[in-house]
Structure formats: structure tokens, C-alpha cells
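One-letter residues, chain by chain:
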Amino acid sequence: MFAYLVRRLFLMLVTLFGISIVIFFLLRIVPGNIVDILFAAAGYVDPADKANLEKELGIDQPLVVQYVHWIGGFLRGDFGYSYVSEKPALQEILPRIPITARLAGLALLFSASIGIPLGVISAVKQGTKLDYALRVVSLSGLSLPSFWLGLLILTASVAMFGQMPIFNPNPQTWLEAFATYAVPAAAVGFRSAALTMRITRSSMLEVLRQDYIRTARAKGASDAAVNYHHALKNAILPVITVIGIEAAFLIGGLIVTETVFNIPGVARFLVEAIRWRDYPIVQNLVMFIAVVVVFANFTVDMLYAVFDPRIRFTE
Amino acid sequence: MADMSDLVLDVKNLRTVFFTNSGLFKAVDDVSFTVRRGETLAIVGESGCGKSVTALSLLRLVPDPPGRIVGGSVTLEGTDLLTLDDAEMRAIRGNRISMIFQEPMTSLNPVMRIGHQIVEAVRLHRNMSAKEAHDLAIEMLRLVRIPEPARRAREYPHQLSGGMRQRAMIAMALACRPALLIADEPTTALDVTIQAQILALILDLQKELGTGLVLITHDLGVVAQTAQRVIVMYAGKKVEEASVEALFAAPKHPYTRGLMASIPAVPASDVAPQARLNEIPGTVPSLVRLPAGCAFAPRCKLAIKRCQEEYPPLADWGGGHLAACWRAAEVAEVA
Amino acid sequence: MLVAERRMATIDYDLELKRAGANATGGWRRVLFLARRHVLGAAGLIIMTVFVFTAIFANVLARFDPLTVDAAHALARPSAAHWMGTDSFGRDVFSRIIHGARISLAVGLGSTALGGTIGVIVGLTSGYLSGWFDLVFQRVSDILQALPLLVLALVMTAALGPSLPNVIIAIAIPLIPTVARVIRANTLALREQPFVEAAKSIGMSEVRIAVRHVLPNTLAPLIVLATAQLGSTILTEASLSFLGLGIPEPYPSWGRMLSESAAEYVRTAPWLVIFPGIAISLAVFGTNLFGDALRDILDPRQRG
């Protein structure tokens, strides 16, 4: 177990290192350097300013030096300087993290509490009309773009209440906080719920084919005991492992949903930074997202080891 | 004939079919047999001959769809199981009739402790407290000669060897003292050295508890060691039935003879040891497109024209030795 | 006894066999049987066909030029002339949606084909060569898969600049490891198969074995995967364009149409929100329905 943990941690660091290199060079394959782009976007070029900025950003130095400089800064929490707000980027990002984290948490909760039970029901009732209906619902969940779902919610709210829900940055009560986050979280979570449901269904179907299910029936166990006691215990394990995949999936949804609902979260900040061509910040934000996703996967793997009795002893 | 009250299981004209996309698959076709208290009946045949489906049919565990029991009766201790509703059938399964499967590696739930799995079987059928059921589970584990039963009960299946798992399966199957135990190739997946131990264990417990046993196997060596009576199945049909002595002394069906010739060191007196093992040419025919006559005819050295045209009736060749073959009388001579 | 007899007597053998598909073994009969068995998949195929035809015959089907600005009729409600209304430039929404099918189809097919082809080559090589190439592949695919699809595509289009080919590339690259992993797993399993051993023993070259024997046997999972990914690529393009980083103006991308209209028109011109969204959802839903049925038919492991 300990050796496994060390190996897993090491691989995680290798992956993160690889990601940092990919991001670093991806943002440098553009013809011309970041300063050119910044200035082109700003619409004027003053050679002195340009040289200053190049020096400030360290762009006049060799790539390796630039990389080491950047990654060192990232590790120290130096996320660069936002040209838009003229504040250190970290000051911009930190207050946004809880907003996005709350949204993501609520969306995951939504996804698990709806997706898992419906997936189980769909598998248990395989081939019935109910199964068909649930499969159509989950497929449509995967087919509706979450930004459109968000826009539809806004449209509906205008039609019904004459106004759009406005993001409340400082909810006073629990209820207010829930109301602020619930609707956008549902818009994101619908898609994740659909994914969870599909994964749960196929995992259940796989387990229901196993020999030990037949053994349980041969014991005289009822359908309910077989499905919810014997099968679900086994089927839920693969569902846990894909929470990591869902985290990556969720971030895509958060990016568009925060944009639609005008929520000042981290995900929308990434889009803004890209729009403003604030590449130093883009670089740091993408790296930050990668760290979150990789850690989520790592945590899920550890969780799996806790839940599956087979792993504890075989390692 | 023994006393009828001794009869544990009476299967009459059982028919189980599968509806597949290549047609109707008659997996069990008009099969009848009986098992008495404490008796061992062996069902032998090649894989695909319908012996496992026969076993599942007795428990009504044939997967539906595509399978369905379409005829006959399965009378266990006077009750026709095919007439019961689902709840009544569940009360019988694991209680009066139990089954041990071929694969001990996959037949136990990997995320449940061994003890819990036995406790579950007990509490489904006996009104016992958790403590009592747990004590019984450990008692059962001791009965199947698992060392340190209390510790093993707390372990998960993957912590046990294949032989130990099969012992646990046996403990689970016998926990409610069933009238009938079905063992579907219980030793096939195990190491040769373990096989004999497990067989001996099953037989000992059967004697001790007076259970009727249906032993499904493809291994005639196992049959000779364990069973009192044998039925031989081919392509879903019973082609021969006899006492073990009668069958090994003088098999009446060419298929049975072929099975015997294809295993080394058969304890049959009239089959001389040969340098090379015989094999039955060809393979089991598809049960979908069976020939009109005897299904074995295309592989049979003795086949005559009649064999291809007309299915032979199951005839009594004396002393309850049944065989379905037009040329049964000549089988002993020709071989 | 009675219950059993009643239960057994009700079996209609012909019906049961028909349900199992016993008469539907070849040609059109098989297709019809499958269509009836997989009603949803058939519906998906119809939607996909309509989608493809719309893209091909967009010029004929569209009632207006999708790019012509007509300020006099800006933000017109849906009417007999403009079935789905007009946008803020007075462009006909219906015609833009018809032409938008081209963009979606081009991006969907283009990126799936590009990502799929590279993925197959990488997956085959990796599964076949093992060794250092495989190790490198596994680490690189870990890296690419650790980044959310949309984030990677966003950064790539930001770096490459917004244009149709760049969007296709940006969506295709995250696809490569997904495809390559499936192909690699299949190749590893197939390498142990007797027919591959046999081909090797008669002196067939590795490349020839890979292309002639291994590749055809990974075709089914590849088709299933590609269909499943088609919908996801269309959605990603829509998201990119919605965020203003996909297909540039003035091309009528469905996602872009939603971005233009987005929040400000929710109040005043809901048709600008509703119709392009329906177009995206339907196209993706169709490919997903079809992909699901295809998986049921081609991938027996998943069959219930």
C-alpha cells in the first residue's frame, strides 16, 4: 500500500511536470511574443514600453530560464499580474475559488444524488419502458449544451418572473446562498448527472452478469436484496473512480455556465484572461486547473482503495 | 424400486429452450430422472450437452430471456417447483435445494465477508438472531474443515485459496440442511490435488446429512468414485441411464462408450488399456439444427440409415438400464 | 400443476423467436429487425441523415443568404418570411441555422477523422511496440487527459488563433489519447490471439500483421468510439464558439449564434436563444442515439 502510494504520487508529479511544459510551450507557439500580442490588442506600439514590458516579463531571456522562473513563481503562489484589473492575479483568483468550489460541490452532489439512483433503476429494469425513458433522459442530458440550458433557464425566468436571476455575491442566509448557487449548479449538474447515470447503469449491468449474483439468487435472496445489497455494493466502485473524470467534465461545464450566469468564479476568469490575451495569467490558471484535476483523481484512487477490500491486501 | 417416500426429487419430461437469433435451442429436451435420500446421481456429457441448464432449471434460475422452461415437472419433496410463485420458489432455494457452482473464484461476492455470505443464506430461511446465525456460519465453516473458522469468517473471498472458497461455497449451500444439493462441476476449476479432497468432503457431508446429490461432471473417473446412478446427456437429451456398475460394465450407448474410451484408466473391465486415447470424432451438433434422427448419428461409427431418420426410443435393457439407441444390443460386441 | 401448465401453454414460439431475431439473419431483414429492436438508434440515424443532408444542400434549403445584413429587419420576430426571426443584423436565423449545419458537420467529421486517424496510428504503434514508445505514450496521454477537454481546446484555439482548421485541430488533439487508449488495449489483447501468432510464425512482417490482422479487428470498437465522440466534438465546437474563441464571424456557427444573442437578447428576442440551441441539441442527440445503438449491436460485451 505504501509503495503504491509513493509510486502514485511520483507519477502524479511527472504528469504535472509534463502539463506545465505543454502549457508553457503551447502559449509560445504563436508567431511573435506575448508582448507583441498584448500591444497589438492594445492598438499602439511604443518601443520603450515594449522593451520595458519584455524585461518585466522576462521574455528577453532564454526559454529554459523563463520556464524555471515561471514554475518557481507558480509554486510560490505568484500568479503574475493582471493587466486588466492592475492587481496581482492571485488577489483576483483567491476570492473566486470558493464561488467555483461551491458551484462544483453542489453540481457533484446533484449529479450523484440523481445520477446514481436513476442509473441503478435503469439497469434493474433493463429493457422496460422505464429503462428506455431514463436512457433517453440521460442521453438528452449529454446532448444539451450546458450553456444553452443556462440560457433557457434565464429565458424561462424572464418569461415567468419578468427578470433574470442576479448573482448575489454576499448571501446573508443559507437559503439565499442555496438559491444563488442552486440554479447554475443544476444547469452544470444535469450533464454530470446524465454521465453518472450512464456509468452507473453500465456498471450495474456488468455486475448483474457476474457469477456471484447467480449465487445470491441460488441462496433464495429476493430481487431487491440481489440488486441493492449484492450488486450495488460492487457496481458503485467503478462509479467512484470516474468522479475524477467527472471533475474534468465539470470544469468544462463551469466555464460556460459561469459565463452565462455572470458568476465571478475562477472558470469565467480563465475565459476573460484568454479574451484579454492575458497569457501569463492563462498559463497559471490552466496549471492551477490541472493541479486540481490531478489531485481529484489521486484522491479518488485513494478512496477506491478504502472502499474496495481487494486493494488493501493485494498491494 | 425403493420406497416412494424416500424420493427427494422427481423430474419428469423437463424441457427448457432458449430463443436465440439463430433459432430455437432445445437445451433440455424431455429429460426425466429421480434422486432418493442420500443418493448421488451423476449427470455426464460433453460441454454444451445441456447438463448445466438442467441444473439451473431445477432451481428455476435459467436466465429469461433468452431461456424458458417450457414443459415437464420438477417435484421436490412432493411439491412441483414449476407451479410455485416467485416468493414460494425463493423460500425453497438455498433452503430445501442448494447449488455449488463450478467457479469458486467468481461465485462468491468479492466485497462481502465470507461469514456474512453464509449468515445471509441462513437468515433468509431461518428465524435466527444475527448472533445465532453467525455461530452457525462458523460451525458450518468448521464442518467443511476450514481451519480457524472464526478468523476466516471475517475475511473476504480474495483472501482464500480456490479450494477454501469452494469449501465456503459448500458451507453456504449446506447451511440450511437442504434435501437436495446440486454440484455443477464442483472440482473442475481446482488443482488436481484439491479436487479429491473437495469430492471426499461433499460425499462425507452428504452421508452425514442424508442429502440427495446431483453431481454434474464431464469426468467419468469422478462418476465412478462417487455416484450410485448415472445419466448420460447428449444434445439436450438423456441417452442413457444406469447404475454405475451396470454402466461401466456394459455401456449401451455408443456415445457413452466413446466417453469411456476417451479417458485414461477407466475402471471398466472390458475396455482394454490402449496406447493411444480414443476420441469421439466431430463435435456436439448445434442444438438449433438437430438432425431428424439420433443427434449422435453423424459422429457414430455404428450409425445405420435408420439412425439418421428416426429418433430411437429410450428402452429398458434390463434392471433399469435405459438407453436410446437402435443398435444398443450390438454396442458391446462391435467395440 | 395448473399454474405451470397455464404458464407454459401461453408460450407463443413464433413470437418469441421473432423477438429473438431468428428470422432476421441476412440483408434487409436483418436491418429491419435491428431498426425495430433499436427504435431509438433508428431515430438517431434519421436525425443524423437529416443533419447531413441539411449541411450538403444548405444552399438550396436556405431561404436567405446567411451573411446578408438587413438592418431594416433587425430582430424581427418569427414570421412567414423569417421562420425563426432575424438577428440583430437582420440576418435570417433559419438560413443561418441551415448553413450552421455545415460548420458543425465539418468540425465534427474533421476533428473526429483527424483525431481518430492519429489516435489509431499512435495506439497501434504503442500497443505493438511496447517498450519506450509505449511508456512515453502513456505519460503523454496522462498529461493530455488531465486537462479538461474544453480547457485544452480553449488554450489551443487561443494559441493558434480562431479559424475553422484551427478549431478542428484544437478539438482533434484531446481526442487522440482517448482513441489511442482504446486501440492500444485492443491491440494488446489481439497480440496474444492465435491468429496473430500464426501470422507471425509464417513470417509476416509486423507492420503487415498490424494493418491486415489487428486493425480490422479493432474496427468495431473504433466505429463505436468515433460515433460517440462525434457528438462531443460538435458540442465542444459550440462551446468554443459560444465563448467567442471558435469559428470567427461572420460564419454562422450555432454556438456563435448563441454567443451573439446570449444574455442581452434573452429578454427581447428569445427566438435567438431557442432555435440555435435546438439545432445543436438535436444534432448531438441524434449522433448519441445512433452511437448507443451501434455500441449495443457491435460491442457484445455491453449487450444486456
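Calculation rules
- Residues numbered from 1 in each chain as written.
- Chains lettered and ligands numbered in written order.
- Predicted model: local features only at pLDDT ≥ 70, side-chain atom pairs only at ≥ 80, totals over all residues.
- Helix = DSSP H or I, 4+ residues; strand = E, 2+ residues; numbered from the N terminus.
- Buried ≥ 20, exposed ≤ 12 C-beta atoms within 10 Å, placed from the backbone.
- Contact = placed C-beta atoms within 7 Å.
- Pairing = 2+ DSSP bridges.
- UniProt positions renumbered as here; feature names shortened; annotations may be inferred.
- Axes fitted to C-alpha atoms, helices over the stretch in contact; angles between N-to-C directions.
- Core = buried A, V, L, I, M, F, W, Y, C linked by C-beta atoms within 7 Å.
- Domains from an automatic or database assignment.
- Nonpolar A, V, L, I, M, F, W, Y, C, P; charged D, E, K, R; others polar.
- Parallel < 35°, antiparallel > 145°, perpendicular 65-115°, else oblique.
- Left-handed = near helix turned anticlockwise from the far one by under 90°.

A.B. asks: Got a minute to help me understand the overall build of chain B in this structure?
C.D. replies: From N to C terminus, chain B includes 12 helices and 12 strands. Counting all 335 residues of chain B, 49% fall into the buried class. Pairs at least 24 residues apart make up 64% of the contacts formed inside chain B by residues separated by at least 6 positions.

A.B. asks: Explain the sheet that holds strand β2 (residues 23-36) of chain B here, please?
C.D. replies: Neighbouring strands of a sheet are bound in pairs by backbone hydrogen bonds; such pairs are parallel or else antiparallel. Residues and elements named next belong to chain B. Reading across from one edge, β2-β1-β4-β5 is the order of the 4 strands in this open sheet, with antiparallel pairing throughout. Both outer strands of the open sheet, β2 and β5 (79-80), are each paired with one neighbouring strand and no more. One ladder, built from 8 bridges, connects strand β1 (residues 7-20) with strand β4 (residues 67-76); its direction is antiparallel. In the sheet register, lysine 12 faces β4, and the bridge partner there is serine 73.

A.B. asks: Just checking my understanding: could you explain the UniProt feature "domain: ABC transporter" (unreviewed entry) in chain B for this structure?
C.D. replies: UniProt records the feature "domain: ABC transporter" (unreviewed entry) at residues 9-260 of chain B, using the numbering of this structure. Helix and strand shares over residues 9-260 of chain B are 38% and 28% respectively, and the end C-alpha atoms of the span are 28 Å apart.

A.B. asks: Teacher, can you tell me more about the sheet that holds strand β9 (residues 229-234) of chain B here?
C.D. replies: All names here are of chain B. The sheet built from 8 strands is open, its strands ordered β6-β7-β8-β3-β9-β10-β12-β11 with mixed pairing. Every interior strand has two partners, whereas the edge strands, β6 (97-100) and β11 (315-316), have only one. Of the strand pairs in this sheet, β11 and strand β12 (residues 322-323) are connected by 2 bridges, and their pairing is antiparallel. The residue bridging aspartate 316 from the neighbouring strand is leucine 322, located in β12. On the sheet, helix α6 (residues 162-174) packs against β6 and β7 (180-184) and is oriented at approximately 175° with respect to β6. Contacting β3 (40-44), β9 and β10 (237-243), helix α10 (residues 254-261) crosses the sheet at an angle of about 105° to β9.

A.B. asks: I tried to follow the nonpolar core on my own but got confused; where do I start?
C.D. replies: The nonpolar side chains of a soluble globular protein tend to be buried with one another. Core analysis: the biggest nonpolar cluster contains 257 residues, and Ala137 and Ala175 of chain B have the highest contact counts within it. In terms of residues, this core owes the most to one element, helix α14 (residues 271-298) of chain C, which gives 14 residues. Apart from the residues within four sequence positions on either side, alanine 175 of chain B is in contact with Ile118, Ala121, Val122, Leu136, Ala137 and Met140 of chain B.

A.B. asks: Explain the domain arrangement of chain C to me, please; I cannot follow it from the model alone.
C.D. replies: It is common to give the size of an interface as the accessible area that goes away when the parts come together. You can read the domains of chain C as domain 1 (1-37) and domain 2 (39-302). Using C-alpha coordinates to define each centre, domain 1 of chain C is positioned 38 Å away from domain 2 of chain C.

A.B. asks: Quick question: what am I supposed to make of the environment of methionine 287 of chain A here?
C.D. replies: Residue and element names in this part refer to chain A. Following the sequence through the fold, methionine 287 ends up in helix α14 (residues 279-307). Since 20 C-beta atoms lie within 10 Å of it, methionine 287 is described here as buried. Sequence-distant contacts of methionine 287, that is, excluding residues within four places in its chain, are made with Ile19, Ser20, Ile23 and Phe74.

A.B. asks: Just to check I follow, could you spell out the interface of chain A and chain B for this structure?
C.D. replies: The interface of chain A with chain B comprises 18 residues on the first partner and 24 residues on the second. Take the side of chain A that touches chain B: its biggest share by element is 7 residues, from helix α10 (residues 211-218) of chain A. Taken together, the residues that form the side of chain A that touches chain B break down as 6 nonpolar, 6 polar and 6 charged.

A.B. asks: Can you help me understand the packing of helix α3 (residues 114-125) of chain B against α6 of chain B in this one?
C.D. replies: Working note: a packed helix pair is described by the angle between its axes plus the distance between those axes. Residues and elements named next belong to chain B. One way to put it is that α3 packs onto α6 with a least axis distance of 8 Å and a crossing angle of 20°. The pairing of α3 with α6 is recorded here as roughly parallel in orientation. Our pair here, α3 against α6, has a crossing hand that is right-handed. In contact with Ile114, Gln117, Ile118 and Ala121 of α3, α6 contributes Ala168, Ala171 and Met172.

A.B. asks: Would you take a moment to explain the domain arrangement of chain B for this structure?
C.D. replies: Residues and elements named next belong to chain B. With domains assigned, chain B is organised as domain 1 (7-96 + 178-261 + 278-323) and domain 2 (109-175). For domain 1 and domain 2, the distance between their C-alpha centres works out to 29 Å. With 14 residues of domain 1 at the interface, the matching set in domain 2 holds 13 residues. Sorting elements by how many residues they give to the side of domain 1 that touches domain 2 places helix α7 (residues 192-209) first, with 7 residues. Residues belonging to the side of domain 1 that touches domain 2 are distributed by class as follows: 11 nonpolar, 3 polar and no charged.

A.B. asks: Looking at this structure, I do not really get the pairing of β9 of chain B. What am I missing?
C.D. replies: For a regular strand, side-chain orientation follows a simple rule: the groups alternate between the two sheet faces. All names here are of chain B. Most of β9 is tucked away: 6 of the 6 residues are buried. Taking every second residue as pointing to the same face, both faces of β9 are buried, with Arg229, Ile231 and Met233 on one and Val230, Val232 and Tyr234 on the other. By the bridge criterion, 4 bridges tie β3 to β9 in an arrangement that is parallel. Bridging from a neighbouring strand, alanine 42 pairs with valine 230 of β9. As judged from the 6 bridges shared by β9 and β10, these two strands associate in the antiparallel manner. Across the sheet, valine 230 pairs through a bridge with alanine 242, a residue of β10. If you look at the hairpin formed by β9 and β10, you'll find 2 residues sitting between the two strands, and alanine 235 has a positive phi there, around 50°.

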